[in-house]
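Okay, here's what each chain looks like letter by letter:
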Amino acid sequence: MKGSVTLGFLLETNNLTKEFKGYKAVQNVNLQIEEGAVYGFLGPNGAGKTTTIRMLLGLMRPTEGEIKIFGKDMKKNKIDILKKIGSLVESPSYYGHLTGYENLEVTRKLLGLSKSHIVRVLKIVKLDDVAHRLVKKYSLGMKQRLGIALALLHRPALLILDEPTNGLDPSGIHEIRELIQRLPKEFGMTVLISSHNLSEIELIATHVGIIRKGKLLFQGTIGELQARNQPILKIETNYPEKVLEVLNSENIAAYLVENMIETKGHENAAFINKKIVEAGYDVSQLCLHPRSLEDIFLELTEEKETYS
């Protein structure tokens, strides 16, 4: 159908590139974000996340490449596209001497919306009980939720959040995480969230894009990323060096880490345990450790770095 999003992608880029005086901060990035996804855009500080987001929001012009959002070309339909996007880039903007409600009222008037929108977003971000408190008396987490409320005021189809949990304590991080998880389920919203906090993204995202030095290293579901690596079997025994020889003789690649044997990709713990015992050695501990997203991320980026 004419005007529909290719393959169901709500947002996609084609060879998106941004160059600053000969330095490519973003290099040929091809994002593909499905409708209803929580897309975690991961990478260390300086990886190109914020630069990419600024281009997606029309705040920065790409050096090369294309951006399509809602099936429309950003260059030709910038205003129409931005009307359906809410965003929080870096720190939220607010008036500290006004209440939360009054901050929302300022934006509501600018957008020409009814007051019911304020009531709605205050409930979504769970600030309705402190709506009439001065924002300068809000905690950092409450300020971040107010920033998200401002972004949600006009009922966007796409919400873009740049490092929304930066500087928050565990309680504030939990509040933001809970909010983001609710948005697609309860309001049919698609969320793009950038972060360098890998373990945090693992808890909330359905899809992941990993960027480093401006290059997109991986893109897919959380499950697809985790499937790239099998779990590690850790073995504690009375003679680790001897047991290592036994496993190697069985063509099982194993190695010593802090006096424990580790073998990657062998889920058949019973077989390994049997071979060790048959060789005459004791096994005091045998544990299968699943790979975390952070483990996989580090391996992925180190691999790319090695062969670049």
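Please read all numbers here as calculations on a predicted model, not as lab measurements.

Definitions and cut-offs
Residues numbered from 1 in each chain as written. Predicted model: local features only at pLDDT ≥ 70, side-chain atom pairs only at ≥ 80, totals over all residues. Heavy atoms only, no water. Pairing = 2+ DSSP bridges. Helix = DSSP H or I, 4+ residues; strand = E, 2+ residues; numbered from the N terminus. Axes fitted to C-alpha atoms, helices over the stretch in contact; angles between N-to-C directions. Contact = heavy atoms within 4.5 Å. Salt bridge = Lys/Arg side-chain N within 4 Å of Asp/Glu carboxyl O. Buried < 20%, exposed > 50% of the residue type's maximum accessible area, 1.4 Å probe, protein only. Phe/Tyr/Trp six-rings, centres within 6.5 Å; stacked < 30°, edge-to-face > 60°. Lys NZ or Arg CZ within 6 Å of the ring centre and 35° of its normal. Patch = residues over 30% accessible without salt bridge, like charges linked within 9 Å, V, L, I, M, F, W, Y side chains within 5 Å. Areas by Shrake-Rupley, 256 points an atom, 1.4 Å probe, with all protein chains shown as cover.

### Considerations on the sheet that holds strand S9 (residues 190-195)
Phase 1: If you walk across this open sheet you meet the six strands as S7-S8-S9-S4-S10-S11, and the pairing is mixed. For this open sheet the edge positions go to strand S7 (85-89) and strand S11 (215-221), each flanked by a neighbour on one side alone. With strand direction ignored, the average angle separating the axes of adjacent strands in the sheet is 10°.
Phase 2: Taken together, the five bridges between strand S8 (residues 158-162) and S9 define a ladder with parallel strand orientation. Residue pairing for S9: Leu161 is matched across the bridge by Ile193.
Phase 3: Together, S7 and S8 form the strand contacts of helix H5 (residues 140-152), whose direction differs from that of S7 by roughly 155°.
Phase 4: Set on the sheet, helix H6 (residues 170-187) makes contact with strand S4 (38-42), S8 and S9; between it and S9 the angle comes to about 155°.

### Quick notes on the pattern of salt bridges
Phase 1: Using the criterion set out here, one finds nine salt bridges in the structure.
Phase 2: Between Arg177 and Glu200 there is a salt bridge, with its nearest N and O atoms 3.3 Å apart. With Arg177 in helix H6 and Glu200 in helix H7 (residues 198-204), the pair connects residues that are 23 residues apart, well separated along the chain.
Phase 3: We classify Glu200 as buried; its relative accessible area is 9%.
Phase 4: Three or more residues are tied together by salt bridges with common partners; here these are Glu105, Arg108 and Lys109.

### Let's talk about the packing of aromatic side chains
Phase 1: Under the criterion given, the structure shown has one aromatic pair.
Phase 2: A cation over an aromatic ring shows up here: Lys84 above the ring of Phe70, its NZ or CZ 4.3 Å from the ring centre.

### Here's the deal with a nonpolar patch on the surface
Phase 1: Residues Tyr95, Val106, Leu110 and Leu111 make up a contiguous nonpolar surface patch of roughly 410 Å² in combined accessible area.
Phase 2: Relative to the helices and strands, Leu110 is located in helix H3 (residues 100-111).
Phase 3: A residue is classified by how much of its surface remains accessible, and Leu110, at 73% relative accessible area, is exposed.

### Quick notes on helix H4 (residues 116-124)
Phase 1: Turning to H4, its buried residues number three or more, namely His117, Ile118, Arg120, Val121, Leu122 and Ile124.
Phase 2: The elements touched by buried residues of H4 are H3, H5 and H6.
Phase 3: Phi turns positive one or two residues past the end of H4, at Lys126, with a value near 60°.

Taken by themselves, the reported measurements are silent on function.
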